[in-house]
Each structure stands twice: as structure tokens, then as C-alpha cells.
Amino acid sequence: MLLTDIQENIAKGRKMFALLIDPDKQNETDLLRLTEKINSANGPDIILVGGSLLFSNIDETVATLKRHTQKPVVLFPGSAMQVSDKADGILLLSLISGRNPEFLIGQHVQAAPALAKSGIEILPTGYMLIGEENYTSVRYISNTMPIPYNKTDIAVATALAGQMLGLKAIYLEGGSGATKPVSAEMIAAVRRAVGLPLIVGGGLRSAADVTTALKSGADIVVVGTSIESNYGLVEEISRAVADFSR
Ligand code: 1GP
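Below is a summary of the structure that appears in this document. (Residues numbered from 1 in each chain as written. Predicted model: local features only at pLDDT ≥ 70, side-chain atom pairs only at ≥ 80, totals over all residues. Heavy atoms only, no water.)

## Observations regarding the nonpolar core
Turning to step 1, where the next piece is worked out: In terms of nonpolar packing, the biggest core is built from 51 residues, with M128, I170, L172, V190 and I227 touching the most fellow members.
Turning to step 2, where the next piece is worked out: Apart from the residues within four sequence positions on either side, L172 is in contact with M128, I130, V182, I187, V190, L198, I199, V200 and G201.
Turning to step 3, where the next piece is worked out: Among the nonpolar cores identified, the runner-up in size contains 23 residues, and L3, A18, L48 and L93 belong to it. (Core = buried A, V, L, I, M, F, W, Y, C linked by side-chain atoms within 4.5 Å. Buried < 20%, exposed > 50% of the residue type's maximum accessible area, 1.4 Å probe, protein only. Contact = heavy atoms within 4.5 Å.)

## A short note on the packing of aromatic side chains
Turning to step 1, where the next piece is worked out: Under the defined criterion, the tally for this structure stands at three aromatic pairs.
Turning to step 2, where the next piece is worked out: Between F76 and Y127 the ring centres are 5.8 Å apart and the planes differ by 80°, which places this aromatic pair in the edge-to-face class. Taken together, the residues span a long stretch of sequence, with F76 in the loop between β3 (73–75) and β4 (89–94) and Y127 in strand β5 (residues 121–129) at a distance of 51 residues.
Turning to step 3, where the next piece is worked out: Between F76 and Y171 the ring centres are 5.2 Å apart and the planes differ by 10°, which places this aromatic pair in the stacked class. Separated by 95 residues along the polypeptide, F76 in the loop between β3 and β4 and Y171 in strand β6 (residues 169–173) bring together distant segments of the chain. We note that F76, like Y171, is buried.
Turning to step 4, where the next piece is worked out: Between the NZ or CZ atom of K180 and the centre of the ring of Y149, over which it lies, the distance is 4.0 Å. (Phe/Tyr/Trp six-rings, centres within 6.5 Å; stacked < 30°, edge-to-face > 60°. Helix = DSSP H or I, 4+ residues; strand = E, 2+ residues; numbered from the N terminus. Lys NZ or Arg CZ within 6 Å of the ring centre and 35° of its normal.)

## A closer look at the packing of helix α8 (residues 207–216) against helix α10 (residues 233–245)
Turning to step 1, where the next piece is worked out: Two elements in contact, α8 and α10, have axes whose closest approach is 9 Å; the angle formed by their N-to-C orientations is 30°. Classed by the angle they form, the pair α8 and α10 counts as roughly parallel. The handedness of the crossing between α8 and α10 comes out as right-handed. Residue-level contacts link A207, V210, T211, L214 and K215 of α8 to E236, I237, A240, V241 and F244 of α10.
Turning to step 2, where the next piece is worked out: Residues belonging to the contact of α8 with α10 are distributed by class as follows: seven nonpolar, one polar and two charged. (Axes fitted to C-alpha atoms, helices over the stretch in contact; angles between N-to-C directions. Parallel < 35°, antiparallel > 145°, perpendicular 65-115°, else oblique. Left-handed = near helix turned anticlockwise from the far one by under 90°. Nonpolar A, V, L, I, M, F, W, Y, C, P; charged D, E, K, R; others polar.)

## A closer look at empty space enclosed by the protein
Turning to step 1, where the next piece is worked out: Evaluated as defined, the whole model comprises three cavities of 30 Å³ or more.
Turning to step 2, where the next piece is worked out: Counted as a void, the second largest cavity has a volume near 60 Å³.
Turning to step 3, where the next piece is worked out: Every residue lining the second largest cavity is listed: L2, I6, A18, I46, L48, V74, L91, L123, I199, I220 and V222.
Turning to step 4, where the next piece is worked out: Of all the elements in the fold, those that place two or more residues in the lining of the second largest cavity are α1 (2–11), β2 (46–49) and β8 (220–223).
Turning to step 5, where the next piece is worked out: For the lining of the second largest cavity, the residue count by class is 11 nonpolar, no polar and no charged. (1 Å grid on protein atoms, 1.4 Å probe; cavity = no way out; pocket = protein on both sides within 12 Å on 5 of 7 lines; lining within 4 Å. Points joined across faces, edges and corners; volume = space filled by probe spheres on them.)

## Considering the environment of G131
Turning to step 1, where the next piece is worked out: Mapped onto the fold, G131 is located in the loop between β5 and α5 (137–142).
Turning to step 2, where the next piece is worked out: Looking at G131, the relative accessible area reads 12%, which means it is buried.
Turning to step 3, where the next piece is worked out: Along the sequence, G131 and K12 sit 119 residues apart, while their C-alpha atoms lie 32 Å from each other.
Turning to step 4, where the next piece is worked out: Residue contacts for G131: discarding those within four places in its chain leaves P146, I147, P148 and Y149.

## Here's the deal with the environment of G201
Turning to step 1, where the next piece is worked out: Tracing the chain through its elements places G201 in strand β7 (residues 198–201).
Turning to step 2, where the next piece is worked out: For the pair G201 and G224, spaced 23 residues apart in sequence, the C-alpha to C-alpha distance is 8.6 Å.
Turning to step 3, where the next piece is worked out: Look past the residues within four positions of G201 in its chain and what remains in contact with it is Y171, L172, E173, G174, G175, V182 and V222.

## Structural notes on the layout of surface pockets
Turning to step 1, where the next piece is worked out: Its boundaries defined by the atoms lining it, the largest pocket holds a volume of some 770 Å³.
Turning to step 2, where the next piece is worked out: Lining the largest pocket we find 44 residues, and of these G51, S52, F76, Y127 and V138 sit closest to its centre.
Turning to step 3, where the next piece is worked out: If you add up the space inside the second largest pocket, you get close to 240 Å³.
Turning to step 4, where the next piece is worked out: What lines the second largest pocket is a set of 14 residues, among which S94, I96, L104, L165 and L167 lie closest to the centre.
Turning to step 5, where the next piece is worked out: Of all the secondary structure elements, the ones that give two or more residues to the lining of the second largest pocket are β4, α4 (101–118) and α6 (152–164).

Structure (C-alpha cells):
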């Protein structure tokens with residue numbers, strides 16, 4: 001079980017690395033090359049699949065990954081269309097930093113019947129978009145305003161509200177390909193305020209970036225964009241996460 005595994009890892013002081021795969025950016029050949037890295041001794045703990053737009057068939061990407069790796073494959077949906085019953089679970093994202101009802105509840109209503117039928121594990125996640133300088137894809141597509149980069153108090157209040165509403169994890173999202181990741185200060189403040197598993201992603205480009213996020217209190221770091229052009233980074237980041245946990 002995804003949530004139980006995450007909680008057990010947190011209890012043991014083990015940090016986790018989630019590799020994000022955007023099906024639109026990786027063809028089957030890419031995926032096979034990537035799964036070699038994923039399956040190596042130093043591999044990620046979780047594979048997330050999703051993207052802001054999705055022209056490709058998410059089912060096929062999930063099926064290919066499931067055929068070639070034992071790692072949990074978890075949906076990270078940009079919309080209600082991005083559901084596959086072949087996945088192990090889904091981060092059911094409620095975009096709590098925004099005020100667009102579509103991404104707070106609308107898409108969830110559309111996806112719920114298919115999700116109930118699929119039987120995949122649901123991880124209700126408070127998704128918080130952070131940043132003000134960049135017009136990231138998620139900001140444009142979701143039509144929501146991110147929490148400003150320096151407004152730590154708003155981020156803390158938002159995460160607290162998410163926890164009070166019963167969400168099971170908080171995701172601090174700097175935006176895919178963001179020029180700078182969520183600040184160490186904001187991660188640390190949210191970490192102090194809430195007891196939920198804390199996922200941090202967006203703009204993490206190196207082992208050093210990932211280590212900073214972990215030091216600040218992230219439990220799971222997510223890296224996607226920088227790996228698309230450098231598969232070698234999978235091992236480097238996996239090692240940094242494992243070393244941090246020791
Ligand atoms: C995006 O947090 C993820 O939703 C990962 O971000 O693509 O910048 O690594 P990057």
C-alpha cells in the first residue's frame with residue numbers, strides 16, 4: 001500500500017525519490033531506456049505518470065512501465081481524463097492553493113466513478129502551486145494564481161487547512177521546469193506546521209537541489225524535466241536520497 005509504505009519510510013527516517021514521467025515526452029524506446037535506470041541498484045522509489053496536457057495514451061505508458069519494472073507506478077493527473085486502472089495508485093490532487101472549483105472538486109466528481117471501479121489506491125493530496133515569476137504550464141492550464149514565492153505564512157495556512165480537511169499528503173509544487181524550486185524556508189515552515197507526508201517538486205535539477213529540499217523537511221522529492229534530457233541523473237539523485245537517509 002502506497003500510503004502505508006510512505007508512512008513506514010518516514011517513521012524509519014528514509015526519504016524517497018519519485019521520478020515523474022510525462023507520457024507526451026517519452027516514447028516507448030525512451031521508456032525502455034529509462035526503466036533500465038529505474039531498475040538499477042540506485043533507482044527511484046516511486047514512478048509518477050502525468051502531465052499538464054496529455055495527448056498520449058496514459059494506459060499504454062503505465063502498462064509499459066508495469067511490464068518492465070516492479071516499482072510502484074502512481075498517477076499524477078493533470079485532469080480527470082488521466083486515469084488508468086493499470087496503475088498502483090493515484091495522487092488525487094486538490095489544488096488547494098487555487099480558487100478554481102474545477103481543480104478543487106469538479107474533475108474529482110468526473111473521475112470518481114472510474115476510480116471507484118478501478119480499485120487503485122487513492123492518496124488524497126493537497127496540491128499547492130508556489131511561485132510568481134514564471135508562467136508555468138500548471139499555472140496556465142489550471143487557471144489559478146500560485147502562492148507567491150515568499151509568502152510562507154500563506155503556504156503554512158493553506159497546508160494546515162488541507163490537513164484539517166483530511167487530506168493525506170501535501171505537495172509543494174514549484175511548477176514543472178521552474179527556474180527556481182520552492183524555497184528551503186517555505187518547505188521548513190510547512191514541515192513544522194503539518195504532520196502529513198510532504199512531497200516537494202518543480203525545478204529540482206541536481207543532487208544538491210534535492211538534498212536542500214530533503215534537509216528542509218521534504219519526505220519525497222519529485223524530479224521530471226531535468227531527467228528527460230539526462231537519464232544519468234536518475235542514479236545521481238537516487239544516491240543523494242539514499243545517502244541522506246543513512
Ligand atoms: C512537476 O513537480 C514536478 O509537476 C516535477 O517538476 O519537471 O521541474 O522536475 P520538474
